[in-house]
Amino acid sequence: MSRVLVTGGTGFVGSYLVPYLQSGGDDVTVLASRSNPTINSSVHYCEVDIRHTAGVRAVVRDTAPDFIYHLAAISTIGTAAANPELTYEVNVLGAYNVFEAAMNQSSPVRVLNISSSQVYASAAKPLKEDDLVVPSGPYASSKAMAEVLATQYSEPAGGGIITVRPFNHTGPGQSEDFVLSAIAKQFAEIEISRRKPTLSLGNIQVQRDFTDVRDVVRAYKAVVAGGTLGEVYNVCSGIAISIEEILELFQQIAGVEVSVEVDPNRVRENDVPTISGDVSKIARDVGWRPQIELPKTLTDLLNHWRLRFAGTEKTLNAFCT
Ligand code: A2R
């Protein structure tokens, strides 16, 4: 059994990662600025702001973890753009606090640093880990800065930092700030006649690389177990699919035909037409590939919103459904 600290373990990804780690026998402690025991009552919670250097150090010292999954962050591009100062504090100073606390333990800890595909410069081909990093905006910049910080720590015996760059990921319970959850919600509203069969969306021609959050948390554990210290790994499917194609899939799953009206608030200026990742490094080094097909993810997303509207939302634990 390993002792594991998950920062940001109350968030969307954390609500999948924590039970997944527990199901493998790990003893999990969650650090977040507010506790949320409804997600999982068998977890130890530490309410600490990640920006609080001494608080983070105390949690790491008292928990003495073997591994830290550092998820805590301002996690959406929109919130980051509206709150740049907070974003740099949480995403950069927060990462610094975690790295420092981990590497100054008497037995240095292995840390998984969650970065983002957003750090890459756009390119018309699947992005590889050694492609150019040219972040744009506070979210991507803050993630790139945390990556640079991570490189400052050489491998203390047993410890060290590995970085992952997840591409778009989704699954039941994700906020409607994210496009696939927003679409699923609108389909569920159409089904109960809460909305006419017209979806309000941004640019549906853009192509993105989507992975199911349940595959993403498997990737994180696999990288912690078998990844090389100091390395960076993409977490992606390697498949670019347009929002328009995804709409087709949703229409088949729901058995509903919809039209689309463009919401100017959701259209991003200079939206990159295609973003996809190259999955070969993580597949080669740790043997991870996504297993969940997109139609299954979309069905589960839609069912989640259906249940919410029916007032019977289940406690999120995808591994028990
Ligand atoms: O602040 P809380 O209690 O709502 O917890 C959130 C935590 N967090 C913080 N924890 C401590 N001190 C802070 N100042 C602070 N600010 C945020 O980070 C929550 O548990 C987590 C963020 O969850 P979500 O917004 O749902 O993000 P998601 O999608 O789970 O993303 C996880 C990671 C992030 O590093 C993203 O940038 C990356 O994956 O894509």
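What counts as what
- Residues numbered from 1 in each chain as written.
- Predicted model: local features only at pLDDT ≥ 70, side-chain atom pairs only at ≥ 80, totals over all residues.
- Heavy atoms only, no water.
- Buried < 20%, exposed > 50% of the residue type's maximum accessible area, 1.4 Å probe, protein only.
- Helix = DSSP H or I, 4+ residues; strand = E, 2+ residues; numbered from the N terminus.
- Pairing = 2+ DSSP bridges.
- 1 Å grid on protein atoms, 1.4 Å probe; cavity = no way out; pocket = protein on both sides within 12 Å on 5 of 7 lines; lining within 4 Å.
- Points joined across faces, edges and corners; volume = space filled by probe spheres on them.
- Nonpolar A, V, L, I, M, F, W, Y, C, P; charged D, E, K, R; others polar.
- Core = buried A, V, L, I, M, F, W, Y, C linked by side-chain atoms within 4.5 Å.
- Contact = heavy atoms within 4.5 Å.
- Near = heavy atom within 4 Å.
- Polar contact = N/O pair within 3.5 Å; in protein donor to acceptor, adjacent residues only side chain to side chain.
- Areas by Shrake-Rupley, 256 points an atom, 1.4 Å probe, with all protein chains shown as cover.
- Right-handed = clockwise from strand over helix to strand, strands pointing away.
- Phe/Tyr/Trp six-rings, centres within 6.5 Å; stacked < 30°, edge-to-face > 60°.
- Patch = residues over 30% accessible without salt bridge, like charges linked within 9 Å, V, L, I, M, F, W, Y side chains within 5 Å.
- Salt bridge = Lys/Arg side-chain N within 4 Å of Asp/Glu carboxyl O.
- Lys, Arg positive; Asp, Glu negative; His and termini not counted.
- Charge placed at Lys NZ, Arg CZ, Asp CG, Glu CD.
- Axes fitted to C-alpha atoms, helices over the stretch in contact; angles between N-to-C directions.

Undergrad: I'd love a proper account of the pairing of strand S8 (residues 198-201), names of residues and values included.
TA: In S8, alternate side chains face the same way, and those of Thr-198 and Ser-200 on one face and Leu-199 and Leu-201 on the other are all buried. Judged from the four bridges that link them, S8 and strand S13 (residues 259-262) form a sheet pairing that is parallel. By the bridge assignment, Leu-199 is partnered in S13 with Val-260.

Undergrad: Break down empty space enclosed by the protein for me, citing the residues and quoting the values.
TA: As enumerated under the stated definition, the model contains one cavity of 30 Å³ or more in all. Quantified by volume, the largest cavity comes out at close to 50 Å³. For the largest cavity, the full set of lining residues is His-70, Ala-72, Ala-73, Asn-91, Ala-95, Asn-113, Ile-114, Ser-142, Lys-143 and Ala-146. Of all the secondary-structure elements, those providing two or more residues to the lining of the largest cavity are helix H4 (84-103), strand S5 (110-114) and helix H5 (137-151). For the lining of the largest cavity, the element with the most residues is H5, which contributes three residues. In terms of residue class, the lining of the largest cavity is built from five nonpolar, four polar and one charged.

Undergrad: If you had to explain the nonpolar core to someone new, which residues and values would you point to?
TA: In this structure, Val-6, Tyr-69, Leu-112, Tyr-220 and Ile-282 are the most contacted members of the largest nonpolar core, which totals 38 residues. Secondary structure elements with two or more residues in this core: strand S1 (3-7), helix H1 (14-23), strand S2 (27-32), S5, strand S6 (160-166), helix H7 (213-226), strand S11 (232-235) and helix H9 (280-286). In terms of residue count, the dominant contributor to this core is H7 (seven residues). Residues within four places of Ile-282 in sequence aside, it is in contact with Ala-219, Val-223, Tyr-233, Asn-234, Val-235, Gly-287 and Trp-288. Counting residues in hydrophobic clusters, the runner-up holds 27 residues, among them Ile-50, Ala-80, Val-92 and Ala-150.

Undergrad: Help me get a handle on the site of the ligand, residues and values and all.
TA: Close contacts around the ligand come from 20 residues, with Thr-10, Ser-33, Arg-34, Ser-75 and Tyr-139 the closest. Val-13 places a main-chain nitrogen or oxygen 2.8 Å from an oxygen atom of the ligand. Within the backbone of Leu-71, a nitrogen or oxygen atom sits 2.8 Å from an oxygen atom of the ligand. In the complex, the protein chains occlude 86% of the 790 Å² of accessible area that the ligand would expose alone. A per-class count over the shell around the ligand returns 11 nonpolar, six polar and three charged.

Undergrad: So what's going on with the pairing of S1? Residues and values would help.
TA: For S1, the buried fraction is high: four of the five residues fall into the buried class. Bridge analysis of S1 against S2 gives five bridges, and the strand direction is parallel. Note on S2: the bridge partner recorded for Val-6 is Val-30. The parallel pair S1 and S2, bridged by H1, forms a crossover whose chirality is right-handed.

Undergrad: With reference to specific residues and values, describe the packing of aromatic side chains.
TA: Here a ring pair, both rings aromatic, is described through the centre-centre distance and the interplanar angle of the planes. Applying the stated criterion across every chain yields a total of five aromatic pairs. When the centroid spacing of 5.7 Å and the interplanar angle of 75° are considered together, the rings of Phe-12 and Tyr-16 count as edge-to-face. Ring geometry for Phe-187 against Phe-250: centres 5.4 Å apart, planes inclined by 25°, an arrangement best described as stacked. Remark: Phe-250 occurs in helix H8 (residues 243-254) and Phe-187 occurs in helix H6 (residues 179-191); sequence separation between them is 63 residues.

Undergrad: Before we move on, can you summarise a negative patch on the surface with the specific residues and values?
TA: Where like charges cluster on the molecular surface, the negative patch consists of Glu-244, Glu-245, Glu-248 and Glu-257. Along the chain, Glu-244 falls in helix H8.

Undergrad: Which residues make up the sheet that holds strand S4 (residues 67-70), and what values do they have?
TA: Taken together, the seven strands give an open sheet; going across it, the order is S3-S2-S1-S4-S5-S6-S11, and neighbouring strands pair in parallel fashion. In this open sheet, the two strands that pair with only one neighbour each are strand S3 (44-47) and S11. Pairs of neighbouring strands in the sheet enclose a mean axial angle of 20°, with direction left out of account. Pairing of S4 with S5, which is carried by four bridges, proceeds in the parallel orientation.

Undergrad: Run through the environment of Ser-276, naming residues and quoting values.
TA: Its location among the elements puts Ser-276 in the loop between S13 and H9. In the structure, Ser-276 is positioned 159 residues away from Ser-117 in sequence and 8.8 Å away in space, judged by C-alpha atoms.

These results come straight from atomic positions and should not be treated as a statement about function.
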